Amino acid sequence: DGKMATATIMLMGDTSTRGCRFCAVNTPARPPPLDVDEPFNTAKAVASWGVGYVVLTSVDRDDLADGGAAHFAATVRELKRRKPSLLVECLTPDFSGDMEAVAELACSGLDVFAHNVETVERLQRRVRDPRANYFQTLAVLREAKKMARERSGLELVTKTSIMLGLGETDDEIVDAMLDCRDAGVDIFTLGQYLQPTSRHLPVERFVPPEEFERWAAFG
């Protein structure tokens, strides 16, 4: 049908150091150490699948000095070495706001740097782990684009997303879209929040398709 085959891979295990109230991921105190062979093995597998686009994502790993940025970057470089035509998107943690860690990944040769703002500013502390925050996310997105250009001459595409149905207002969505645009974000997506378990935040509202169409037109 002409569409590019895609795949999504989660790096660095399934255990996060953060506990956001929308996400059903394992959160013990001490995640296991990184698999040093994961970048090589991931690239070898993906290159054999015949996909044209791969998304690399991960849990938060605040236990690592760089938040796992070098691990991400090594995977990107190995993927590009094996299959230069492959388009690579990284959906990343915020690396605790460490901009050198952001630069490590932004300059690795990836095509799309994605980091999600998740929700509007007012709802950040209710929805996300306290170690994450709205302005840190915007700074990561802004600096990723800037450092890729200044240090590697790369015109990096940046991407973010928010969930709807958590109690946000239309004006707050507009403000979030404008803030992301001001941070140089190229791609902004919206999705419906779904409650993964009874222990997570409830859905305040199911947003009808026509509202998503209206936001697309506004965007």
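As a reminder, the structure under discussion sits directly above these lines.
Residues numbered from 1 in each chain as written. Predicted model: local features only at pLDDT ≥ 70, side-chain atom pairs only at ≥ 80, totals over all residues. Heavy atoms only, no water.

**A word on the pattern of salt bridges**
Then step 1. Tallied over the full model, the rule gives 15 salt bridges.
Then step 2. With a closest N to O distance of 3.9 Å, Arg 77 and Glu 104 form a salt bridge. Taken together, the residues Arg 77 in helix α2 (residues 69–82) and Glu 104 in helix α3 (residues 99–106) connect sequence positions 27 residues apart.
Then step 3. Between Glu 89 and Lys 159 there is a salt bridge, with its nearest N and O atoms 3.3 Å apart. (Salt bridge = Lys/Arg side-chain N within 4 Å of Asp/Glu carboxyl O. Helix = DSSP H or I, 4+ residues; strand = E, 2+ residues; numbered from the N terminus.)

**Thoughts on the side chain of Glu 89**
Then step 1. Residue position: Glu 89 is located in strand β3 (residues 87–91).
Then step 2. A relative accessible area of 5% places Glu 89 in the buried class.
Then step 3. With near-sequence residues (within four places) excluded, Glu 89 lies in contact with Tyr 53, Val 54, Val 55, Leu 56, Val 112, Ala 114 and Lys 159. (Buried < 20%, exposed > 50% of the residue type's maximum accessible area, 1.4 Å probe, protein only. Contact = heavy atoms within 4.5 Å.)

**Side note on the pairing of strand β6 (residues 187–192)**
Then step 1. Direction of pairing for strand β5 (residues 157–164) relative to β6: parallel, over a ladder of 6 bridges. Across the sheet, Thr 160 pairs through a bridge with Phe 188, a residue of β6.
Then step 2. Read from β5 through helix α6 (residues 170–182) to β6, the crossover connection turns out right-handed. (Pairing = 2+ DSSP bridges. Right-handed = clockwise from strand over helix to strand, strands pointing away.)

**Quick word on the sheet that holds strand β2 (residues 53–58)**
Then step 1. Strand order in the open sheet made by the 6 strands is β1-β2-β3-β4-β5-β6, with parallel pairing throughout. In this open sheet, the two edge strands, each paired with only one partner strand, are β1 (6–11) and β6. Neighbour-to-neighbour, the strand axes of the sheet open up by a mean angle of 20°, direction not taken into account.
Then step 2. As defined by bridge partners, β1 adjoins β2 across 6 bridges and the pair is classed as parallel. Bridge pairing in β2 links Met 10 to Thr 57.
Then step 3. Its contacts with the sheet put helix α7 (residues 209–218) on β5 and β6, and the angle it makes with β6 is roughly 170°. (Axes fitted to C-alpha atoms, helices over the stretch in contact; angles between N-to-C directions.)

**Quick word on the pairing of β5**
Then step 1. A large share of β5 lies buried, amounting to 6 of its 8 residues.
Then step 2. Here strand β4 (residues 112–114) pairs with β5 via 3 bridges, running parallel. Opposite Val 112, over in β5, you have Val 157 as the bridge partner.

**Looking at unusual backbone geometry**
Then step 1. If you check the backbone angles, Ser 96 has positive phi at about 55° while not being a glycine.
Then step 2. Within the secondary structure, Ser 96 sits in the loop between β3 and α3.
Then step 3. The phi dihedral of Glu 118 is positive, around 75°, even though this residue is not glycine.
Then step 4. Within the secondary structure, Glu 118 is located in the loop between β4 and α4 (124–127).

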